[in-house]
Amino acid sequence: MDITTRNFFRLLRAGVFGQQEMVEPMSACKWRKTMLFAKAHGVEAETYAGLEVLNEQFFIQVIPEAVTSEWASLASAYSYRTVPKPSSLSPRLERSLASIAAKTDTQSVEYQLLEELLRLAYGLLRDDHWVRQMLVVGELIRERGAKVDREQLKKWIAKLRLQNMIQLEGALLVELLGLQTDELPFDVKPSNYHIERFASSIPYSQEQLRFSQGKDIFVHTSNKSAFMWNVRRSARFMRYYPTESVANLFSSFSSSLTNIEE
């Protein structure tokens, strides 16, 4: 995990949970890169709040005024609480969630947490604002996690075959968001989940992930690494959610066709 990503998550933890974090010194270029991370994931307000929480630290005080002014402007306009949720779940996941919703109280904390965990899983698969969604899950757990019926949630997770993905999500919540394992309303086994690889793969924008078409009849990508990036990302999740990983690769290609001019 590079220094910009480390500072990015420090600002998130400070802004959302008020945690005191020691930031590392960075150049103006790297501070702007950190701001772009925040913008790409819709957490400008949360990271800017982190700047305010940690404003007494020397390396926060020396951030160029042009960067902090732009950051403040973005923060005043956006918040993950007011922007749309990540893209809709896949049809299969929607059907699975609907089958559970039909037999339970959808206002229960267990169901709400299950829905948000599914959205986080799908956000990770598609790299669609998963950091913002991780904050939604983290805040829900902090606020209502103690009231969760753990056995009921465990049964639903097993029914959706979500166990391995939940293990990964739990590791992300602990390593990146600073939650404690005993706060999580599901068990997380100690393991090597290569969290740094997930944290370091944040794109600057969704544009770099799309396929496109040039002047010929063949579909390709203006970013020559985008296709292999999608393949590698889908392969990365095979151990966690194999069926959705394969479906996501084809879905990414299919949805990108809508960007191609006839």
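Residue numbers here run from 1 along each chain, matching the order of that chain's written sequence. Reporting in this predicted model follows two pLDDT cut-offs: at least 70 for local features of residues, and 80 or more for side-chain atom pairs to be given and counted; totals over whole chains, interfaces and linings ignore these cut-offs and use all residues. Side-chain metrics in this entry use all non-hydrogen atoms of the structure; hydrogen atoms and water are not considered.

1. A word on the overall build of the protein chain
What counts here: Note on conventions: DSSP H or I runs of at least 4 residues are helices, E runs of at least 2 residues are strands, and numbering of each starts at the N terminus. Relative accessible area decides the class of each residue, using a 1.4 Å probe on protein chains only: under 20% of the type maximum gives buried, over 50% gives exposed, and in between gives partly exposed. Residue contacts follow a heavy-atom distance rule, with two residues in contact if any of their heavy atoms lie within 4.5 Å. Per-residue and other accessible areas were derived by the Shrake-Rupley procedure at a 1.4 Å probe size, with only the shown protein chains allowed to occlude residues.
Secondary structure summary: the protein chain contains 13 helices and two strands in total. Here the protein chain holds 262 residues, and 48% of them are scored as buried. Of all intrachain contacts in the protein chain linking residues separated by at least 6 positions in sequence, the fraction that spans at least 24 positions is 74%. With the model as given, the accessible surface of the protein chain reaches about 13,300 Å², and the carbon-plus-sulfur share is 52%.

2. Topic: the environment of leucine 140
By the secondary structure assignment, leucine 140 is in helix α8 (residues 130–144). Expressed as a C-alpha distance, the spacing of leucine 140 and glutamine 112, which sit 28 residues apart in the sequence, is 8.8 Å.

3. As for the pattern of salt bridges
To keep it simple, the criterion reads: The term salt bridge refers to a side-chain nitrogen of Lys or Arg lying within 4 Å of a carboxyl oxygen of Asp or Glu.
Counting across every chain of the model gives eight salt bridges. Aspartate 2 is paired through a salt bridge with lysine 33; the nearest N and O atoms lie 3.6 Å apart. Residue aspartate 2 is found in the segment before α1 (3–17), and its partner lysine 33 is found in helix α2 (residues 28–40); the two are separated by 31 residues along the sequence. Classification of aspartate 2 by relative accessible area gives partly exposed; the value is 33%. Where salt bridges share partners, they join Arg6, Arg10 and Glu24 into one cluster.

4. Examining the layout of surface pockets
Counted only if it meets this: Here a cavity means grid points, on a 1 Å grid over the protein atoms only, where a 1.4 Å probe fits yet cannot get out; a pocket means an open set of points with protein on both sides within 12 Å along at least five of seven lines; lining residues are those with an atom within 4 Å of a point. Grid points are joined across faces, edges and corners, and a volume is the space filled by probe spheres set on the points. Polarity classes work like this: nonpolar for Ala, Val, Leu, Ile, Met, Phe, Trp, Tyr, Cys and Pro, charged for Asp, Glu, Lys and Arg, and polar for all others, with Gly in that last group.
Within this model, the largest pocket holds a volume of roughly 380 Å³. Lining the largest pocket are 15 residues, with Lys154, Gln163, Gln167, Phe186 and Asp187 positioned closest to its centre. Contributing elements (two or more residues each) for the lining of the largest pocket: α9 (150–159) and α10 (163–175). Counting residues per element, the lining of the largest pocket draws most heavily on α9, which supplies six residues. The residue makeup of the lining of the largest pocket, split by class, is seven nonpolar, three polar and five charged.

5. Structural notes on unusual backbone geometry
For arginine 161, which is not glycine, the phi dihedral falls at a positive 55°. As for its placement among the helices and strands, arginine 161 is situated in the loop between α9 and α10. Residue arginine 161 is classed as exposed on the basis of its relative accessible area of 68%.

6. Topic: the packing of α2 against helix α5 (residues 65–77)
Quick note on the threshold: Axis definition: a line fit to C-alpha positions, over the contact stretch in the case of helices; interaxial angles, taken between N-to-C directions, run 0 to 180 degrees. Oblique is the label for any angle not under 35 degrees, not over 145, and not in the 65 to 115 range, which are roughly parallel, roughly antiparallel and roughly perpendicular in turn.
Two elements in contact, α2 and α5, have axes whose closest approach is 10 Å; the angle formed by their N-to-C orientations is 10°. By the angle between their directions, the pair α2 and α5 is classed as roughly parallel. Residue-level inspection shows Ala28, Trp31, Arg32, Thr34, Met35, Ala38 and Lys39 of α2 in contact with α5, the latter providing Val67, Glu70, Trp71 and Leu74. Residues belonging to the contact of α2 with α5 are distributed by class as follows: seven nonpolar, one polar and three charged.

7. Some points on the packing of aromatic side chains
Between two aromatic rings, the relevant description is the distance of the centres plus the angle of the planes. This is how the line gets drawn: Two aromatic rings from Phe, Tyr or Trp, using only the six-membered ring of Trp, form a pair when their centres are within 6.5 Å; if the ring planes differ by under 30 degrees the pair is stacked, by over 60 it is edge-to-face, and anything between is tilted. Either the NZ atom of lysine or the CZ atom of arginine qualifies as a charge over a ring when it sits within 6 Å of the ring centre and within 35 degrees of the ring normal.
Applying the stated criterion across every chain, the model contains three aromatic pairs. Measuring from centroid to centroid gives 5.9 Å for phenylalanine 8 and phenylalanine 37, while their planes differ by 70°, and the two rings are edge-to-face. Taken together, the residues phenylalanine 8 in helix α1 and phenylalanine 37 in helix α2 connect sequence positions 29 residues apart. Neither residue differs from the other here; phenylalanine 8 and phenylalanine 37 are each classed as buried. Seen from their ring centres, phenylalanine 58 and phenylalanine 59 are 5.3 Å apart, and the 70° between their planes marks the pair as edge-to-face. For phenylalanine 58, a relative accessible area of 53% gives the class exposed. One aromatic cluster is present, built from ring pairs that chain together Phe8, Phe9 and Phe37. One residue, arginine 142, lies across the ring of phenylalanine 17, its end atom 4.3 Å from the ring centre.

8. Description of the packing of helix α3 (residues 44–53) against α5
The test is simple: In a left-handed crossing the near helix is turned counterclockwise from the far helix by less than a right angle, and in a right-handed crossing that turn is clockwise.
Following both chains from N to C, one finds α3 and α5 inclined at 130°, their axes separated by 8 Å at the closest point. Regarding the angle of α3 to α5, the classification is oblique. Every pair of crossing elements has a handedness; the one defined by α3 and α5 is left-handed. Between α3, through Glu44, Ala45, Thr47, Tyr48 and Leu51, and α5, the contact on the second element is made entirely by Thr68, Trp71, Ala72, Leu74 and Ala75. Broken down by class, the residue content of the contact of α3 with α5 amounts to seven nonpolar, two polar and one charged.

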